[in-house]
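The lines below spell out each chain.
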Amino acid sequence: MERFGLVGLPNAGKSSLYNALTGGGALAAPYAFATKDPNIGVAKVPDERVDRLAVMSKTKTLVHAAVQVVDIVMGEGVQPVFTTEEVGLFVTTAVDRLP
């Protein structure tokens, strides 16, 4: 299963996007640093072509694709608060390169 991490500045809409994709109930508050723990959920990827193929082939089992989505916690100074082992991906920040 593919894994995606949502990374961005505070109040950029990461938790709202996570909720829209996964149907999750992550807190999407109008203030910075509302997410305290990473939210991990699964988003289904429906494809009507697969449905049509299933009808044509008269298959008994139909499995749609799915992706894992992680709402990554961002802390003070826009530094990701997670380890690469927890999320399974590597994220770098450009804080040192900011003007």
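Here goes a summary of the coordinates provided. (Residues numbered from 1 in each chain as written. Predicted model: local features only at pLDDT ≥ 70, side-chain atom pairs only at ≥ 80, totals over all residues. Heavy atoms only, no water.)

Within the protein chain, the secondary structure is distributed over three helices and three strands. Along the chain direction, N to C, the helices and strands of the protein chain fall in the order β-α-β-α-β-α. The 99 residues of the protein chain split such that 27% are buried. Accessible surface, the protein chain as shown: approximately 7100 Å² in total, 58% of it carbon and sulfur. (Helix = DSSP H or I, 4+ residues; strand = E, 2+ residues; numbered from the N terminus. Buried < 20%, exposed > 50% of the residue type's maximum accessible area, 1.4 Å probe, protein only. Areas by Shrake-Rupley, 256 points an atom, 1.4 Å probe, with all protein chains shown as cover.)

It is worth spelling out the sheet that holds strand β2 (residues 39-45) at this point. One open sheet holds the three strands; their spatial order is β1-β3-β2, and the pairing between them is mixed. Strand pairing shows two members of the sheet lacking a second neighbour, β1 (2-6) and β2, which therefore form its edges. For this sheet the average axis-to-axis angle between neighbouring strands, irrespective of direction, equals 30°. Pairing geometry for β2 and strand β3 (residues 65-71), over seven bridges, is antiparallel. Looking at β3, one finds that valine 45 is bridged to alanine 65. Where helix α1 (residues 14-22) meets the sheet, it contacts β1, β2 and β3, and its direction lies at approximately 45° from that of β2. (Pairing = 2+ DSSP bridges. Axes fitted to C-alpha atoms, helices over the stretch in contact; angles between N-to-C directions. Contact = heavy atoms within 4.5 Å.)

This part is about the environment of glycine 25. Topologically, glycine 25 is positioned in the loop between α1 and β2. Considered as a pair, glycine 25 and serine 15 are 10 residues apart in the sequence and their alpha carbons are 8.9 Å apart.

So, on to the nonpolar core. Counting residues in each nonpolar core, the largest one holds six residues, listed as Leu6, Tyr18, Ala26, Ala43, Val67 and Val69. With sequence-adjacent residues up to four places away left out, valine 67 is seen in contact with Met1, Glu2, Phe4, Gly41, Val42, Ala43 and Val45. (Core = buried A, V, L, I, M, F, W, Y, C linked by side-chain atoms within 4.5 Å.)

The next point concerns unusual backbone geometry. With phi around 55°, lysine 58 is a residue other than glycine that occupies positive phi space. Structurally, lysine 58 can be placed in the loop between α2 (48-57) and β3.

On to α2. Burial within α2 is sparse, with just one of its 10 residues counted as buried. Count one or two residues on from α2 and you reach lysine 58, which has phi positive near 55°.

Everything listed here is a matter of coordinates, which is why it stays silent on function.
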